[in-house]
Amino acid sequence: MGAEFLRHAINSFDTTGAISPSSRKLSREVARAVDLKRAKVVVELGPGTGAVTEKILRRISPSTLFFALEVNKSFIRSTKRRCPGTIVYHDSAANIRKYLDMHGAPGCDCIISGLPWACFTTKMQLQILRAVRDCLNPGGEFVMSSYIHGQILPKGLRFKRNFRRVFPKFKTTKAVWWNMPPAFVFYARK
Ligand SMILES: C[S@@+](CC[C@H](N)C(=O)[O-])C[C@H]1O[C@@H](n2cnc3c(N)ncnc32)[C@H](O)[C@@H]1O
């Protein structure tokens, strides 16, 4: 999975946004940050090779509606191989609403993102962040990882500003050092 990830990072860094999948430690921190046990509808954005998906599946109940949106077809195959039975749609995170409607779900309780935000334009960041906010039920939770260099590099800081525009109150965890590169977990509640 690591080799596959690196290949995509080299060929299309603008959508992959990392050189390796999230570590077990980071994946666990992300999945633990939200109340997956009680969630009835959960959506993952950008599952990649399924590192976080695997942790989500361990926590949700069998009756939870869970699906993911991923733009890379090869990653979709990897996630489905790693997490059999998982629904992964080939589409952009911007279109969450379409898939909730398809499943007859008015909103979702948790949205978990592995998206490479710093690679997106401001327009796209805001479009996806607003789609996330609008699709969350009241009290719904949003969690995502953000690499440590995003705290100082202009692209990361631009994203943080846009994130705050849509989710004015958000929290970050301590850095998760056991990841390449180290990362923070961002958490917001609607
Ligand atoms: C940094 S990787 C994270 C992968 C995985 N969540 C992990 O933690 O290992 C970013 C993922 O987001 C996907 N992605 C990029 N843009 C996307 C978009 N607009 N909608 C859905 N997925 C997207 C990429 O193809 C890639 O799988």
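Residues numbered from 1 in each chain as written. Predicted model: local features only at pLDDT ≥ 70, side-chain atom pairs only at ≥ 80, totals over all residues. Heavy atoms only, no water.

### Details of a positive patch on the surface
In step 1: Together, Arg24, Arg28, Arg32 and Arg58 make up a positively charged patch on the protein surface.
In step 2: The dominant element in the positive patch, judged by the number of residues it contributes, is helix 3 (residues 24-32), at three residues. (Patch = residues over 30% accessible without salt bridge, like charges linked within 9 Å, V, L, I, M, F, W, Y side chains within 5 Å. Areas by Shrake-Rupley, 256 points an atom, 1.4 Å probe, with all protein chains shown as cover. Salt bridge = Lys/Arg side-chain N within 4 Å of Asp/Glu carboxyl O. Lys, Arg positive; Asp, Glu negative; His and termini not counted. Charge placed at Lys NZ, Arg CZ, Asp CG, Glu CD. Helix = DSSP H or I, 4+ residues; strand = E, 2+ residues; numbered from the N terminus.)

### Some words on the layout of surface pockets
Once rolled over the atoms, a probe with the size of a water molecule shows which space is left empty.
In step 1: When its volume is computed, the second largest pocket comes out at roughly 150 Å³.
In step 2: Every residue lining the second largest pocket is listed: Asp35, Arg38, Ala39, Asp109, Cys110, Gly139, Gly140, Glu141 and Arg189.
In step 3: No other element matches the three residues that strand 5 (residues 136-147) contributes to the lining of the second largest pocket.
In step 4: When the residues that make up the lining of the second largest pocket are grouped by side-chain class, the tally is two nonpolar, two polar and five charged. (1 Å grid on protein atoms, 1.4 Å probe; cavity = no way out; pocket = protein on both sides within 12 Å on 5 of 7 lines; lining within 4 Å. Points joined across faces, edges and corners; volume = space filled by probe spheres on them. Nonpolar A, V, L, I, M, F, W, Y, C, P; charged D, E, K, R; others polar.)

### A closer look at helix 7 (residues 122-135)
Helical geometry note: an α-helix holds 3.6 residues per turn, so side chains three or four residues apart project in the same direction.
In step 1: If you check helix 7, its first and last C-alpha atoms are 20 Å apart, about what 14 residues at 1.5 Å a residue would give, namely 20 Å.
In step 2: What helix 7 keeps buried is the set Gln125, Leu126, Ile128, Leu129, Ala131, Val132 and Cys135.
In step 3: The inward-facing, buried residues of helix 7 abut strand 1 (41-45), helix 6 (96-102), strand 4 (108-113), strand 5 and helix 8 (154-166). (Expected span 1.5 Å × (residues − 1). Buried < 20%, exposed > 50% of the residue type's maximum accessible area, 1.4 Å probe, protein only. Contact = heavy atoms within 4.5 Å.)

### Here we look at the nonpolar core
In step 1: Counting 35 residues, the largest nonpolar core has Phe142 and Phe163 as its most contacted members.
In step 2: Listed by contribution, the elements that provide at least two residues to this core are strand 1, strand 2 (65-70), helix 6, strand 4, helix 7, strand 5, helix 8 and strand 7 (183-189).
In step 3: In terms of residues, this core owes the most to one element, helix 7, which gives five residues.
In step 4: Not counting the four nearest positions on each side in its chain, Phe142 is found in contact with Ile111, Ser113, Trp117, Leu129, Val132, Leu136, Phe163, Phe167, Phe186, Tyr187 and Ala188. (Core = buried A, V, L, I, M, F, W, Y, C linked by side-chain atoms within 4.5 Å.)

### With respect to the packing of aromatic side chains
In step 1: Evaluated as defined, the whole model comprises 12 aromatic pairs.
In step 2: Here the aromatic rings of Phe67 and Tyr89 are separated by 5.6 Å at their centres, their planes lie at 70°, and the arrangement is edge-to-face. Here Tyr89 lies in strand 3 (residues 87-90) and Phe67 lies in strand 2, a separation of 22 residues in the sequence. The same class applies to Phe67 and to Tyr89, which are both buried.
In step 3: Note on Phe67 and Tyr99: the rings are 6.4 Å apart at their centroids and 55° apart in plane angle, and the pair reads as tilted. Here Phe67, found in strand 2, pairs with Tyr99, found in helix 6; they are 32 residues apart in sequence, far enough to count as distant. Judged on exposure class, the residue Phe67 and its partner Tyr99 are both buried.
In step 4: Ring pairing ties together the aromatic residues Trp117, Phe120, Phe142, Phe159, Phe163, Phe167, Phe170 and Phe186, which thus form one cluster. (Phe/Tyr/Trp six-rings, centres within 6.5 Å; stacked < 30°, edge-to-face > 60°.)

What is shown is where atoms sit, not what they do.
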